[in-house]
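Residue-level structure breakdown
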Amino acid sequence: MPQQAASCSFDFLSALEVPKRLHPSALGLSSLVRRSVSARRHQAFKRVGRGRSRDLTGSQAASMSAEDRRNLHAFRDYVTKTLDPTCILSYMAPWFKDDEVQHIQAEKNNKGTMEAASLFLKFLLELQEEGWFRGFLDALVHAGYSGLHEAIETWDFQKIESLEEYRILLKRLQPEFKTTVNPKDILPKISECLISQECEEIIQVCSNKGLMAGAEKMVECLLRSDKENWPKTLKLALEMDENKFSQLWMVDKGAKNAESKVLEDDEIETSDIQIFYKEEPECQNLSQNLSPPSGTQHSSPTCTPLKPRNYQLELALPAKEGKNTIICAPTGCGKTFISLLICEHHLKKFPQGQKGKVVFFAIQLPVFEQQKSVFSKYFEKLGYKVAGVSGVTSENILMEQIVENNDIIILTPQILVNNLRNGTIPSLSVFTLMIFDECHNTGKHHPYNMIMFNYLDQKLGDSSDPLPQVIGLTASVGIGDAKNTMEAMEYICKLCASLDTSVIATVKDNLEELEEIVYKPQKFFRKVESRTTDRFKCIISQLMRETESLAKNIFDELESVSQIQNRNFGTQKYEQWIVSVQKACMVFQLPDKDEESRICKALYLYTSHLRKYNDALIISEHARMKDALDYLKDFFTDVRAAGFDEIEQHLTQRFEEKLKELESVSMDPSNENPKLQDLSFILQEEYHLNPESRTILFVKTRALVDALKKWIEENSELSFLKPGILTGRGKTNHNTGRGRARGSKCFLLTSNADVIEKEKINIYKENMMNDSILRLQTWDKAVFKEKVLQIQIQEKLIRDSQGKVEPVPDKENKKLLCRKCKGFACYTADIRVVEDCHYAVVGDAFKKCYVSKLHPKPKTFGHFEKRAKIFCARQNCSHDWGIHVKYKTFEIPVIKIESFVVEDITTGAQKLYAKWKDFPFEKRSFDPTEMSE
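Just so we're clear, the structure is a prediction, and the values are computed from it rather than from any experiment.

Grouped together as the largest cluster of nonpolar side chains are 50 residues, with contacts concentrated most on Phe536, Ile540, Met544, Tyr613 and Phe655. No other element matches the eight residues that helix H26 (residues 625-641) contributes to this core. If near-sequence neighbours (up to four positions away) are discounted, Ile540 is found in contact with Tyr613, Leu617, Leu632 and Leu662. Core analysis: the next-biggest nonpolar cluster, separate from the first, contains 46 residues, Leu420, Phe431, Met452 and Ile504 among them.

Below, the structure is given as structure tokens:
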């Protein structure tokens, strides 16, 4: 448990015959409006640029004013869903009367933001003063509504419309968001996606009503955001905060089909109080001083270059010699710095007229951001260009230009997988060096393995193109399920084969120096007694069973809900079950959308409460019952201050009915936790022996961190301690230890003997891994290379044979429904495959189901000329379905499967597919003669 170390009524519109609430896209009005506006503006702007009325004749100004009114009224739904008018009222003072401003503000306070926006538009469209429209656009810019400003300037709301699927998802997830996300923590990271006034309002609500109400306010603001990147910015913020909600907030295409795996007992909880080391970007003090180690004219004269340690040079040597290498060294030894040394040597070795190109892969987004920063600071001083692309930043980026124009590219691996598949990057030969961080992940269907499949196909095929050098970085290559040294050696050889490496670099000649930097703490295991009785757990468990029953009564057809029985309360496995239910809710579909929304909201509320109860049991197990109860009381206080709907009222009432008994139990001295008594003894003893000691307690949840901190602060025997909190990937001062200082000790406190046994097995496996690496390092180099080659050939044969197994196509005709409104689109019998990868719909019937808008970025590729985008024609939908192209001499609509729901005509069962290759229907090739007929 401890580890000791030394050291968030317009009558004029009737001429268009548009019903009052009809979405303009349903009549193709968006295209009509933009074509009209484009032609007129071109003439009007020839003299005055962006000035709207200045230097125009009276008739021109009047014509454009009337046109702007029509367009703004036609697109009013977009404006009212996006705009908070109180954010721009101060900029509209020249046009609005004081009583109108007050009326709008009162409308927001009494009825809501959308109603206030509707009233604002009414007043705006009644204005007759010259320049009102330009004033409105300028106000949007000043207030920060860049997306809405762009949409109104061009009368193209496509970008705002593309955010609708994320708004729908966030609305559905709102009950979980408000109980999981601390708005204060992520607000600084997403503030660029919100209006400054909204940020201030979120902070104010947090202060006045609590964090849960603040989270509700944040959802409300995000739902109005006009920033195209807000879904991915939110994802990155959640990832960096290591927030559980990030598991549900999936922004990659097809991610909604992901199913969570409920972990088995032997896959989690190696100890009751988790002791773990996280693989972090080991910059050491690189952030303070990133000058290159070799003196160059680009180096800052005020910076002292970092000098590599001998063990770092030893680890880097095989790679510098051009060998494909796995560098296996403990966390904290500076593997990032080693990779910088390797990159610099690699780039400088090319003769004049030739250039190297390095790609560095990082799996986690926060690690990607940190590595991008480190590489940029280091190499830009040397005159090299560094760029980074992740899933968050990949949209609207041309990867071929990124690769062409930079010397070092930092990527999340799926980006390269996608670009290899679509041909944007023709082959890995464009790179001269690939570095895989945490390379032990190279297996099965991991993106690392997908990249190396491409590499190995090229190596074992007929290609004569050069392949890049491969470097892998890891703290542990692992041994999988190996039971003995021979099996462990085989496992490691397969990893080497996957990465095409011929060398495993470890520190051997400079071990003493390494151990001075990274000391392995001595481990102690202590079996402690559990509470003899646990009335607190009995009461909370009963509340959880009642809540589970309510969830089951809401809807029992979700598989995850039906598997509700026999779950152990107060475990991480139970947390995994909660996540599985919530992910199932994300793709849950019913014909009745209101009923679907009601069921999902209820299930999110029930599971959110179950999560809090589960957290409380974990706190009680490892800390004090008092802290567990305080945790629940704080939660229900926040629930009351937020939305507090009927379900929340009922759940709160049931908790409050048990509150008196829970308080009595938690204050009973006989219910003290034996683990805490033992922990107190250890801390007092160790600090008595060494008053300069420092301690780190590794625990399961943030709530438990807070509880233990509170216990230490209130324990008179531990008053000499000054506890602080470190969470996740929070930066630590390099002088604080982290349990690696010489003389460190590691204590495991548990009431479960099996946990101690598992920990001992882990130590045994670690020793087996080290022994296996040492044995492999003694092999003859030619023998080892041949072993790796034979594994590669065998694995490729298996891979190729598996690739030839095609799923049996379903010959039954199916319906394709719009994923947003569930309106009918076409049958699978109407779909034709064009040039193996494009899916077109033939026949006149489909033409009535969509409307088209000129494509903002028309493009010709191969035999295709991309001309327009197509959208669902149903009222108030306009969901993006794909594109309209000219293929050779044919005009055809090409659709994307992720925009549709596939419905079985017989059973009515519905399925979602992320990619066409995943949809096993009977595919018919495009036949020009069929089109001619």
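What follows is about helix H11 (residues 196-209). Compared with an ideal rise of 1.5 Å per residue, which puts 14 residues at 20 Å, H11 spans 20 Å between its outermost C-alpha atoms and is within 8% of the ideal. Buried-residue contacts for H11 involve helix H4 (98-110), helix H10 (183-190) and helix H12 (211-224). Looking one or two residues beyond H11, the residue adopting positive phi is Gly210, at roughly 110 degrees.

Where helix H18 (residues 413-421) meets helix H19 (residues 447-460), the axes come as close as 8 Å, and the angle between the chain directions of the two elements is 40 degrees. The orientation of H18 with respect to H19, classified from their angle, is oblique. As H18 packs across H19, the resulting crossing turns out to be left-handed. Contacts between H18 and H19 involve Pro413, Gln414, Leu416, Val417, Leu420 and Arg421 from the former and Pro447, Tyr448, Met450, Ile451 and Asn454 from the latter. Residue composition of the contact of H18 with H19, grouped by class: eight nonpolar, two polar and one charged.

Looking at the secondary structure, you find Thr828 in the loop between strand S13 (824-827) and strand S14 (831-834). With sequence-adjacent residues up to four places away left out, Thr828 is seen in contact with Glu812, Asn813, Lys814, Leu816, Phe919 and Phe921. A distance of 2.9 Å separates a polar atom in the side chain of Thr828 from a polar atom in the side chain of Asn813.

Right, let's get into the UniProt feature "binding site: Zn(2+)" (unreviewed entry) in the protein chain. As annotated by UniProt and renumbered to match this structure, "binding site: Zn(2+)" (unreviewed entry) occupies Cys818, Cys821, Cys872 and Cys877. Spatially, the listed residues are clustered: although they cover 60 residues, their C-alpha atoms lie within 9.1 Å of one another. Structurally, Cys818 is set in strand S12 (residues 814-818). Apart from residues no more than four positions distant in its own chain, Cys818 is found in contact with Gly823, Cys872, Cys877, His879, Trp881, Ser899 and Phe900. Ignoring anything within four residues of it in the chain, the contact list for Cys877 reads Glu161, Cys818, Lys820, Cys821 and Cys872.

Let us now look at the packing of helix H22 (residues 535-554) against helix H27 (residues 646-666). Where H22 meets H27, the axes come as close as 10 Å, and the angle between the chain directions of the two elements is 170 degrees. Here H22 lies roughly antiparallel to H27, going by the angle between them. Contact with H22, carried on its side by Arg535, Phe536, Ile539, Ile540, Leu543, Glu546, Thr547 and Leu550, involves His650, Leu651, Arg654, Phe655, Lys658, Glu661, Leu662 and Val665 of H27 and no other residues of that element. Of the residues in the contact of H22 with H27, the class split is nine nonpolar, two polar and five charged.

Take the sheet that holds S13 next. Read across the open sheet, the four strands follow the order S13-S12-S20-S21; overall the sheet is antiparallel. Only two strands of the sheet have a single partner each, and these edge strands are S13 and strand S21 (910-912). Across the sheet, the axes of successive neighbouring strands diverge by a mean angle of 30 degrees, strand direction being ignored. Sheet topology places S12 next to S13; three bridges connect them, and they run antiparallel. When the sheet's bridge partners are listed, Leu817 is paired in S13 with Phe824.

With that settled, the discussion passes to helix H15 (residues 335-348). Along its 14 residues, H15 runs 20 Å from first to last C-alpha, staying within 8% of the 20 Å computed at 1.5 Å per residue. Within H15, twelve of the 14 residues are buried, which leaves it mostly tucked inside the rest of the structure. For H15, every residue scored as buried is listed here: Lys335, Thr336, Phe337, Ile338, Ser339, Leu340, Leu341, Ile342, Cys343, Glu344, His346 and Leu347.

With respect to the secondary-structure elements, Glu107 resides in helix H4. Those residues within four positions of Glu107 in sequence are excluded, and the remaining contacts are Gly112, Glu115, Ala116 and Leu119.

Let us look at the environment of Trp916. Relative to the elements of secondary structure, Trp916 occurs in the loop between S21 and strand S22 (924-925). For the pair Trp916 and Lys896, spaced 20 residues apart in sequence, the C-alpha separation works out to 7.8 Å. For Trp916, the residues in contact, after removing those within four places along its chain, are Leu816, Ile831, Tyr839, Ile895, Lys896, Ile897, Phe921 and Lys923. At 3.4 Å, the side chain of Trp916 and the backbone oxygen of Ile895 are in polar contact.

Now for the sheet that holds strand S8 (residues 503-505). Taken together, seven strands build an open sheet; the order of strands is S4-S5-S3-S6-S7-S2-S8 and the sheet is parallel. Each of the sheet's edge strands pairs with one partner strand only, and the pair in question is strand S4 (386-389) and S8. Ignoring strand direction, the axes of neighbouring strands in this sheet form an average angle of 15 degrees. Alignment of strand S2 (residues 325-328) against S8, held across three bridges, turns out to be parallel. Looking across to S8, one finds that Thr325 is bridged to Val503.

Here we come to the packing of aromatic side chains. Given two aromatic rings, one states the distance between the centres and the angle between the planes to describe the pair. Summed over the entire model, instances satisfying the criterion amount to 40 aromatic pairs. On the basis of an interplanar angle of 20 degrees and a centroid distance of 5.7 Å, the ring pair of Trp230 and Trp249 is categorised as stacked. Of this pair, Trp230 sits in helix H13 (residues 230-240) while Trp249 sits in the loop between H13 and helix H14 (310-320), placing them 19 residues apart in sequence. For Trp230, a relative accessible area of 0% translates into the label buried. A ring pair is formed by Tyr839 and Phe921, whose centres lie 6.4 Å apart and whose planes are at 50 degrees; its orientation type is tilted. Of this pair, Tyr839 sits in strand S15 (residues 838-841) while Phe921 sits in the loop between S21 and S22, placing them 82 residues apart in sequence. Given the relative accessible area of 6%, Tyr839 is considered buried. Joined through ring pairs, the aromatic side chains of Phe75, Tyr78, Trp132, Phe133, Trp155 and Phe157 make up one cluster. The ring of Phe350 carries Lys349 above its face, with NZ or CZ at 5.8 Å from the centroid. Above the ring of Phe871, the side-chain terminus of Lys853 is found at 4.4 Å from the ring centroid.

Reading the values: rules and limits
Residues numbered from 1 in each chain as written. Predicted model: local features only at pLDDT ≥ 70, side-chain atom pairs only at ≥ 80, totals over all residues. Heavy atoms only, no water. Core = buried A, V, L, I, M, F, W, Y, C linked by side-chain atoms within 4.5 Å. Buried < 20%, exposed > 50% of the residue type's maximum accessible area, 1.4 Å probe, protein only. Helix = DSSP H or I, 4+ residues; strand = E, 2+ residues; numbered from the N terminus. Contact = heavy atoms within 4.5 Å. Expected span 1.5 Å × (residues − 1). Axes fitted to C-alpha atoms, helices over the stretch in contact; angles between N-to-C directions. Parallel < 35°, antiparallel > 145°, perpendicular 65-115°, else oblique. Left-handed = near helix turned anticlockwise from the far one by under 90°. Nonpolar A, V, L, I, M, F, W, Y, C, P; charged D, E, K, R; others polar. Polar contact = N/O pair within 3.5 Å; in protein donor to acceptor, adjacent residues only side chain to side chain. UniProt positions renumbered as here; feature names shortened; annotations may be inferred. Pairing = 2+ DSSP bridges. Phe/Tyr/Trp six-rings, centres within 6.5 Å; stacked < 30°, edge-to-face > 60°. Lys NZ or Arg CZ within 6 Å of the ring centre and 35° of its normal.

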